[in-house]
Amino acid sequence: ACLVGSEMCIRDRHTIARLALGLADDMLTTLALATRAPILVAPAMNPAMWTHPATQAHVQMLQARGVEFIDPTYGVMACGDEGWGKIADTPTMIEVVERRLKRTQELAGIHVLVTAGPTYEPIDPVRFIGNRSSGKMGYAVAQAAAERGAEVTLISGPTALDPPAGVKCIRVQTAEQMLQAVQEHFEACDVFISVAAVADYRPERVYPLKRKRSQRAWTLRLVPNPDILGTVAPRKGHRLVVGFAAETGKAIEYAREKLQRKGLDLIAVNDVLEPQSGFEVDTTRLTLLYADGRVEPLPLLPKRIAAHRLMDAVVERLHILAGKSGVPDRSHLPDSLKSP
Ligand code: PMT
């Protein structure tokens with residue numbers, strides 16, 4: 001039994017390493033490279049091997065590419081060691097796989113409104129005040145909602161991205177235009193997710209013609225833009241309202257303050273000074289803060305996967321909302337969301 005156990009340990013470790021490195025020297029690893037299907041891995045190995053930095057580095061590489069792990073559970077191994085290394089039980093594995101497959105239609109009948117990208121606040125016809133948002137995070141959120149069957153309206157600031165398939169995209173330039181578009185679509189939505197990096201200030205005066213260069217200093221007077229999320233959140237009613245927070249230090253503290261001040265159900269915070277997280281890049285490390293005080297840190301993930309983790313949280317909150325008494329009629333929701 002010990003020999004069999006050891007062989008399994010080694011095989012599982014090797015498989016994870018080969019998957020991480022993209023080696024394709026047997027049927028399993030060849031299929032894993034070739035498939036476009038989601039990949040789930042349920043490892044079993046000696047606890048010291050599982051927690052070894054070499055194994056965990058490969059696990060993180062795979063997670064960053066979207067592979068999901070059904071983590072081993074605690075118990076006594078075939079070799080006699082005790083710890084986190086036993087393969088997850090079959091019902092757990094089936095549940096995880098089912099949840100993964102169910103994602104396809106679980107938001108059918110739900111209208112999700114998403115804002116994404118920056119806003120550009122014009123100074124003159126050629127210059128503007130903006131920020132580094134590429135729109136990648138917001139577009140990934142819109143795509144994740146659409147992949148789960150939601151009807152999605154994406155209100156996007158200027159970006160170089162194509163809208164995800166099946167998503168209605170409304171393009172705007174300025175914060176005031178974004179506010180107007182959000183107000184037009186907020187009434188009809190069930191979930192509002194505000195990912196846009198809205199410029200907090202705009203030039204007080206917009207020059208009708210290109211302002212000529214000179215050697216003299218130029219002072220621009222800025223006036224505050226409307227807070228889009230802060231404007232619509234007080235009218236949320238039965239809706240689920242989710243914010244994002246881009247912070248540069250004390251991220252959790254500041255995000256919690258925004259969550260409370262704006263009356264949100266959930267806020268996803270990212271420290272944009274952290275490498276490979278935040279603006280422009282393809283990955284992000286989000287922490288989800290819930291209105292009930294719960295804190296859920298996510299690992300560094302591709303924005304596509306982080307968006308799905310956020311949608312998992314949205315689905316969970318919708319279940320809770322649908323189960324609360326006194327909530328307005330939600331009979332239009334699919335059966336899966338009518339009760340907790
Ligand atoms: O677009 P990417 O390059 O992929 O980058 C992703 C991102 C860093 C932009 C994204 O992950 C993110 O953090 N988005 C929120 C950016 C932001 O403006 O954060 P904030 O902390 O300043 O604002 C808090 C919330 O209020 C946000 O939901 C924001 O959309 C909203 N807001 C802010 C200002 C304003 N005038 N109106 C708003 O609605």
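These notes cover the structure that comes with them. (Residues numbered from 1 in each chain as written. Predicted model: local features only at pLDDT ≥ 70, side-chain atom pairs only at ≥ 80, totals over all residues. Heavy atoms only, no water.)

Describing the pattern of salt bridges
Condition: Salt-bridge detection follows one rule: a side-chain nitrogen of Lys or Arg within 4 Å of a carboxyl oxygen of Asp or Glu. Put simply, DSSP marks the helices as runs of H or I at least four residues long and the strands as runs of E at least two long, and each gets a number from the N terminus on. Three exposure classes are used, based on accessible area relative to the maximum for each residue type with a 1.4 Å probe and protein chains only: buried under 20%, partly exposed in between, and exposed over 50%.
Under the defined criterion, the tally for this structure stands at 18 salt bridges. One salt bridge connects Arg 18 with Asp 26, and the closest N-O pair in it is separated by 2.4 Å. Between Glu 247 and Lys 258 there is a salt bridge, with the nearest N and O atoms lying 2.7 Å from each other. Taken together, the residues Glu 247 in strand S13 (residues 240–247) and Lys 258 in helix H9 (residues 251–261) connect sequence positions eleven residues apart. The class of Glu 247 is buried, set by a relative accessible area of 7%. A residue is classified by how much of its surface remains accessible, and Lys 258, at 22% relative accessible area, is partly exposed.

Some details on the environment of Gly 243
For clarity, the cut-off: Every residue pair with non-hydrogen atoms within 4.5 Å of one another is taken to be in contact.
Considering the arrangement of structural elements, one finds Gly 243 in strand S13. Between the alpha carbons of Gly 243 and Gly 293 there is a distance of 15 Å; along the sequence they are 50 residues apart. The residues touching Gly 243, leaving out its near neighbours within four places in the chain, are Ser 194, Leu 229, Leu 264, Leu 266, Ile 267 and Ala 268.

Here's the deal with the site of the ligand
This is how the line gets drawn: Note on terminology: near, applied to a residue and a molecule or strand, indicates that one of the residue's heavy atoms is within 4 Å of it. In protein, a polar contact requires one atom able to donate a hydrogen and another able to accept it; more generally it is a pair of N or O atoms within 3.5 Å, and residues adjacent in sequence count only if both atoms are side-chain atoms. For every accessible area listed, the method is Shrake-Rupley and the probe measures 1.4 Å; residues are considered covered only by the protein chains on display. Classification used: nonpolar for Ala, Val, Leu, Ile, Met, Phe, Trp, Tyr, Cys and Pro, charged for Asp, Glu, Lys and Arg, polar for all others including Gly.
Near the ligand you find 26 residues, and of these Ser 133, Ser 134, Ser 194, Ala 196 and Lys 258 are the closest. Contact distances for the ligand include 2.8 Å between an oxygen atom and a backbone N or O atom of Met 137. Protein chains shield 95% of the accessible area of the ligand, which is 770 Å² for the free molecule. Residue assignment for the shell around the ligand shows that the elements contributing at least two residues are helix H6 (136–147), helix H8 (228–232) and S13. A total of four residues in the shell around the ligand trace back to one element, the largest contributor, which is S13. Residues belonging to the shell around the ligand are distributed by class as follows: twelve nonpolar, seven polar and seven charged.

With respect to the sheet that holds strand S10 (residues 191–194)
Note the cut-off: Should DSSP find at least two bridges between two strands, the strands are taken to pair. Here, axes are lines fitted to C-alpha atoms. For helices the fit covers the stretch in contact, and angles between N-to-C directions go from 0 to 180 degrees.
With mixed pairing, the eight strands of this open sheet are ordered in space as S9-S8-S5-S10-S13-S14-S16-S17. The open sheet has two edge strands with one neighbour each: strand S9 (168–171) and strand S17 (295–297). On average, each strand axis in the sheet is tilted by 15° relative to the strand beside it, whichever way the strands run. Looking at chain direction, strand S14 (residues 266–271) and strand S16 (residues 287–290) are connected through four bridges and run antiparallel. What sits directly across from Val 269, in S16, is Thr 287. Helix-sheet contacts for H9 involve S13, S14, S16 and S17, and the interaxial angle to S14 is about 150°.

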